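Structural overview for review
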Amino acid sequence: MKIAVVTDSNSGITQAQAKEMGITVLPMPFMIDGETYYEDITLTQEQFYQRLKDNSDISTSQPTPDSIMKLWDELLKEYDQIVHIPMSSGLSGSCQTARMLAQDEPYEDKVFVVNNQRISVTQLQSVMDAKTMAEKGWTAAEIKEELERTKFDSDIYITVDTLKYLKKGGRLTPAAAAIGTVLNLKPVLRIKGEKLDAFSKTRGWKAAKKAMIEAVRHTMDTDFADSQGPENLYGAAAYTGDADSAQEWKGELEEAFPGFDIYMAPLSLSVACHIGPGARAV
């Protein structure tokens, strides 16, 4: 069978990369000052951060049912089945919407929506794994089952550069944000499965990066204790804002984890919307 792999732009995969990979990326919509924009279609990373800097009113949205079904209909003209990998169901309602649509008669047993509970570079890895399994002859149902079985085999740690956006989104009280700014506090956040949670507090960038690296080492020694290092573990870096300044973080991770080929990509704008520019993640 011919199997199509679909994801959304929360994976960090651009439209150009999608063509190279032979997959399809559904662009995530954003409302900015009352107008709708689509990630990597009518909204570039640079434009997004400029609007963020200008204090525009920005909110995330999810693809409309019509846009999802239209995409599926087009793909099913050429493919027998579709594996659809949206962002984590705990971070958006887009996964639940897609799962409901896939139960309708035209898509039953043809479209398989994966509740993979991942985002950014971990979601990207799921897409690459799905593509590999499809090339090996796995059915869409088998791919979905495997991706959901291994959904918690990933961890993301993030440090923000400014507390402004956590305060704006209600994740931090104004008083806590004010004190944190004065004390140069850098919260380390964690995404594992469904939620973006607080992990630890540090003072300054140096301590924050050290905390993230130590957290990854601990995860490797506990959750992934039976792994063989770079043979079956992937290391990746992510960032919000300027790509050039993020190269230093990539280098630090390569030094901390020798042997790992560290892939780096911008964090999805859906995450950047809540944490602002200058963030670093692993």
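Residues numbered from 1 in each chain as written. Predicted model: local features only at pLDDT ≥ 70, side-chain atom pairs only at ≥ 80, totals over all residues. Heavy atoms only, no water.

Turning our attention to the environment of Tyr37. Relative to the helices and strands, Tyr37 resides in strand S4 (residues 35-38). Among the residues examined, Tyr37 registers a relative accessible area of 16% and is labelled buried. Once residues lying within four places of it in the same chain are set aside, the contact partners of Tyr37 are Met28, Pro29, Phe30, Ile32, Thr42, Leu43 and Arg51. Of note is the side chain of Tyr37, whose polar atom sits 3.4 Å from the side chain of Arg51. (Helix = DSSP H or I, 4+ residues; strand = E, 2+ residues; numbered from the N terminus. Buried < 20%, exposed > 50% of the residue type's maximum accessible area, 1.4 Å probe, protein only. Contact = heavy atoms within 4.5 Å. Polar contact = N/O pair within 3.5 Å; in protein donor to acceptor, adjacent residues only side chain to side chain.)

Counted under the stated rule, the structure contains 5 aromatic pairs. The interplanar angle of 70° and the centroid separation of 5.0 Å between the aromatic rings of Tyr157 and Phe199 together place this pair among those described as edge-to-face. Of this pair, Tyr157 sits in strand S8 (residues 156-159) while Phe199 sits in strand S10 (residues 195-203); the two residues are 42 residues apart in sequence, bridging distant segments of the chain. Tyr157 gets classed as buried once you look at its relative accessible area, which sits at 2%. Centre to centre, the rings of Phe257 and Phe260 are 6.3 Å apart; their planes meet at 80°, and the pair counts as edge-to-face. Put simply, the rings of Phe30, Phe48 and Tyr49 pair up and form one aromatic cluster. The aromatic ring of Tyr79 is capped on one face by Lys2, whose charged end is 5.0 Å from the ring centroid. (Phe/Tyr/Trp six-rings, centres within 6.5 Å; stacked < 30°, edge-to-face > 60°. Lys NZ or Arg CZ within 6 Å of the ring centre and 35° of its normal.)

Going through the model one piece at a time under the given rule, you end up with 10 salt bridges. A salt bridge links Lys2 to Glu78, with the nearest nitrogen and oxygen atoms 3.5 Å apart. With a gap of 76 residues between them, Lys2 in the segment before strand S1 (3-8) and Glu78 in the loop between helix H3 (65-75) and strand S6 (81-85) connect regions that are remote in the sequence. Exposure remark for Lys2: the relative accessible area of 41% places this residue in the partly exposed category. Judged by relative accessible area, Glu78 falls into the partly exposed class, the value being 49%. Across the pair Asp33 and Arg51 runs a salt bridge whose closest N-O atoms are separated by 3.2 Å. Here Asp33 is found in the loop between strand S3 (29-32) and S4, whereas its partner Arg51 is found in helix H2 (residues 45-53), with 18 residues between them in sequence. Classification of Asp33 as partly exposed rests on a relative accessible area of 43%. (Salt bridge = Lys/Arg side-chain N within 4 Å of Asp/Glu carboxyl O.)

Right, let's talk about helix H6 (residues 140-149) for a bit. For H6, the full list of buried residues reads Ala140, Ile143 and Leu147. Taken around the axis of H6, the buried residues stretch over an arc of 60°, which confines them to a single face. Of the residues in H6, the exposed ones pointing more than 90 degrees away from the buried face are Glu145 and Arg149. (Arc of directions from axis to C-beta.)

Below, the discussion takes up helix H4 (residues 94-102). Looking only at H4, the buried set comprises Ser94, Cys95, Thr97, Ala98, Leu101 and Ala102. In an axial view of H4, the angular spread of the buried residues amounts to 160°, which keeps them on one side of the axis. Looking at the buried residues of H4, the elements they touch are H3, S6 and strand S7 (111-113).

Spatially, the 4 strands line up as an open sheet ordered S2-S1-S6-S7, and their pairing is parallel. A single partner strand is all that each edge strand has here, and the edge strands are strand S2 (24-26) and S7. Averaged over neighbouring strand pairs, the angle between their axes works out to 25° when direction is ignored. Looking at chain direction, S1 and S2 are connected through 3 bridges and run parallel. Each bridged residue has a counterpart across the sheet, and for Asp8 the counterpart in S2 is Leu26. Most of the contacts of H3 go to S2, to which it runs at about 170°, and overall it touches S1, S2, S6 and S7. Relative to the sheet, H4 contacts S6 and S7, its axis offset from that of S7 by approximately 150°. (Pairing = 2+ DSSP bridges. Axes fitted to C-alpha atoms, helices over the stretch in contact; angles between N-to-C directions.)

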